[in-house]
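Structure at a glance
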Amino acid sequence: MFLPPKSRKGVFLLFFIFISYFISQTLFLTLSYLLGGLIVGFALNGRKDIVSLILLLCILVLMLNEQIAVTFNLFYPFIFSGSIILLLKTRENISKGNLFFISTLLVSLFFVVYMSILEIKMGLITKTIEETITFAKETSTSIFKGIMDEKGLKEYQEFSSNLIKHYHPFLALLQFIIFGFLNLYLVLKIFNNLPQNLAEPFSKISINFSGVWFINLGMLAYILSEDTMISLAGMNVALYFLAFYFFQGIATANQFFAKFGIPMYVAFFFYFFFLANHIMWFLISLIGILDVQFDIKKRLKEA
């Protein structure tokens, strides 16, 4: 069972993910999303034996823990990897940006259908929202007790509760955008013998402009609709598609930092700031949209 040195890292990560199950189930559920990138890498390198091993280990976990069987975590890697491989087989010239965009849309669609079925059968979405709000209140109380007065703490908790209630679709789907990006980055760093479009560096990423139309439609629904549900649905749609262009904006910012020789550790500080500040998040997403339309990265490179 010979493996190239880089692929051995993939095997190490694979076993670390499954060993984490015995350390912390929360850690395992988080790391399990990265199985998507490993399946893609091993499948494209012809290692069907390792892909079969991943499937077997996932089945064993589902048999051992019924609670995990209800979650979407162990379904995600196979839907993600399947959509990536299918797109590579059917659309040979597809760019990495569109691989990221379309595969994440497909995963999100499966997730919405899956959660809708579970909501009808067992009220899972309602229960999850209630549990998340309770957890947020308990956490804020333990952190801010003694720092904020009772009125300020109550206002903060009310704000957090409304944020979860109104924007839980976006917050739930955002994880698939983040892990879609991380999985494709993981494939690039761990595996060799990849198709040219998958091996394309993220600094050249270009996401389909069609997402901007969904942002526009979502914002129009939010502004013009008098119905609260339609208005909130529009905002969730707008935020979801805007998140794709945040990564396009990060790639543009990376090109800017490289152009002016800004050290990587300084760039990482800015990336963290972009993520932590919602105003900067919107600004970087806007830069991403402008880059798709006007190819700012190319202009920076040529300047």
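Residues numbered from 1 in each chain as written. Predicted model: local features only at pLDDT ≥ 70, side-chain atom pairs only at ≥ 80, totals over all residues. Heavy atoms only, no water.

Quick look at the overall build of the chain
Keep this limit in mind: A run of DSSP states H or I qualifies as a helix once it reaches four residues; a run of E qualifies as a strand once it reaches two. Both are numbered from the N-terminal end. Between the two quantities, the radius of gyration covers C-alpha atoms and the globule rule is 2.2 Å times the number of residues to the power 0.38. Summary of the burial criterion: residues with accessible area below 20% of their type's maximum are buried, those above 50% are exposed, and those between are partly exposed, where the area comes from a 1.4 Å probe applied to protein chains only.
Of regular secondary structure, the chain possesses 14 helices and zero strands. Secondary structure of the chain in N-to-C order comes out as α-α-α-α-α-α-α-α-α-α-α-α-α-α. Relative to a compact globule of 303 residues, whose C-alpha radius of gyration would be 19 Å, the chain shows 21 Å and is just as compact. Along the longest, intermediate and shortest principal axes, the C-alpha atoms of the chain span 60 × 55 × 40 Å. In the chain, which comprises 303 residues, the proportion classed as buried is 43%.

What to know about the packing of aromatic side chains
Note the following rule: Two rings from Phe, Tyr or Trp (for Trp, the six-membered ring) form a pair when their centres are within 6.5 Å of each other. A pair whose planes differ by under 30 degrees is stacked, one over 60 is edge-to-face, and the rest are tilted.
Inspection of the entire model under this criterion finds 28 aromatic pairs. Ring centres of F18 and F28 lie 5.9 Å apart, and the angle between their planes is 50°; on these two criteria the pair is classed as tilted. You can see F18 sitting in helix α1 (residues 5-19) and its partner F28 sitting in helix α2 (residues 25-31), a full ten residues away along the chain. Taking the relative accessible area as the measure of exposure, F28 reaches 0% and is therefore buried. Taken together, F100, F101, F170, F181, F214, Y240, F241, F244, F246, F247, W281 and F282 form an aromatic cluster joined through their ring pairs.

Notes on helix α4 (residues 48-64)
This is how the line gets drawn: Given a helix with a known number of residues, its expected span is that number minus one, times 1.5 Å. The arc in question is the one spanned by the directions pointing from the helix axis to the C-beta atoms.
Helix length check: α4, at 17 residues, gives a terminal C-alpha distance of 24 Å against a target of 24 Å (1.5 Å per residue), a fit within 8%. For α4, the complete set of buried residues consists of I50, V51, I54, L57, C58 and V61. Within α4, the buried residues cover an arc of 120° as seen down the axis, which keeps them to one side. Away from its buried face by more than 90 degrees, α4 exposes K48 and M63.

Regarding the nonpolar core
Condition: Nonpolar cores are built from buried Ala, Val, Leu, Ile, Met, Phe, Trp, Tyr and Cys residues. Side-chain atoms within 4.5 Å join them into one set.
Judged by nonpolar contacts, the single largest core of 78 residues is most densely connected at F28, L35, L38, F100 and F244. Per-element tally for this core: the top contributor is helix α11 (residues 228-259), with 14 residues.

Considering the packing of helix α8 (residues 124-144) against helix α9 (residues 150-190)
Packed helix pairs are characterised by how far apart their axes lie and by the angle those axes make with each other. The following threshold applies: Helix axes are fitted only over the stretch in contact, all axes being lines through C-alpha atoms; the angle between N-to-C directions runs from 0 to 180 degrees. With respect to orientation, any angle under 35 degrees is reported as roughly parallel, any angle over 145 as roughly antiparallel, any angle of 65 to 115 as roughly perpendicular, and every other angle as oblique. Less than a right angle of anticlockwise turn of the near helix away from the far helix marks a crossing as left-handed, whereas a clockwise turn marks it as right-handed. Whether two residues touch is decided by their heavy atoms; if any such pair falls within 4.5 Å, the residues are in contact. Under this grouping Gly is polar, as are all residues other than the nonpolar Ala, Val, Leu, Ile, Met, Phe, Trp, Tyr, Cys and Pro and the charged Asp, Glu, Lys and Arg.
Where α8 meets α9, the closest approach of the two axes is 10 Å, and the angle between their N-to-C directions is 155°. Relative to α9, the element α8 is oriented roughly antiparallel. Between α8 and α9 lies a crossing of right-handed hand. Of the residues in α9, those in contact with I125, I129, T132, I133, A136, K137, S140, T141 and F144 of α8 are L153, Y156, Q157, S161, I164, K165 and H168. Among the residues making up the contact of α8 with α9, the classes are represented as eight nonpolar, six polar and two charged.

Some points on a nonpolar patch on the surface
As a reminder of what qualifies: Two distance rules govern patches: like charges are joined within 9 Å, and nonpolar side chains (Val, Leu, Ile, Met, Phe, Trp, Tyr) within 5 Å, applied only to residues with over 30% relative accessible area and no salt bridge. Using the Shrake-Rupley algorithm and a 1.4 Å probe, accessible areas are obtained, with residue cover drawn only from the displayed protein chains. The term salt bridge refers to a side-chain nitrogen of Lys or Arg lying within 4 Å of a carboxyl oxygen of Asp or Glu.
On the surface, a cluster of nonpolar side chains totalling about 750 Å² of accessible area is made up of F214, L217, M219, L220, Y222, I223, L224 and V237. A per-element tally of the nonpolar patch places helix α10 (residues 210-224) first, with seven residues. Inspection of the secondary structure assignment puts V237 in helix α11.

Notes on the packing of helix α7 (residues 96-122) against α9
For the pair α7 and α9, interaxial distance at closest approach is 9 Å and the crossing angle is 140°. It follows from the interaxial angle that α7 and α9 lie oblique. Here the hand of the crossing between α7 and α9 comes out right-handed. Counted together, K96, F100, T104, V107, S108, F111 and V112 of α7 and A172, L173, Q175, F176, I177, G180, F181, L184 and L188 of α9 form the full contact between these two elements.

Thoughts on α11
Counted at 1.5 Å a residue, the expected span for α11 with its 32 residues is 46 Å, and the 46 Å between its end C-alpha atoms agrees. Among the 32 residues of α11, 23 are classified as buried, and the element is accordingly described as predominantly covered. The positive-phi residue at the C-terminal boundary of α11 is G261, with phi of around 65°.

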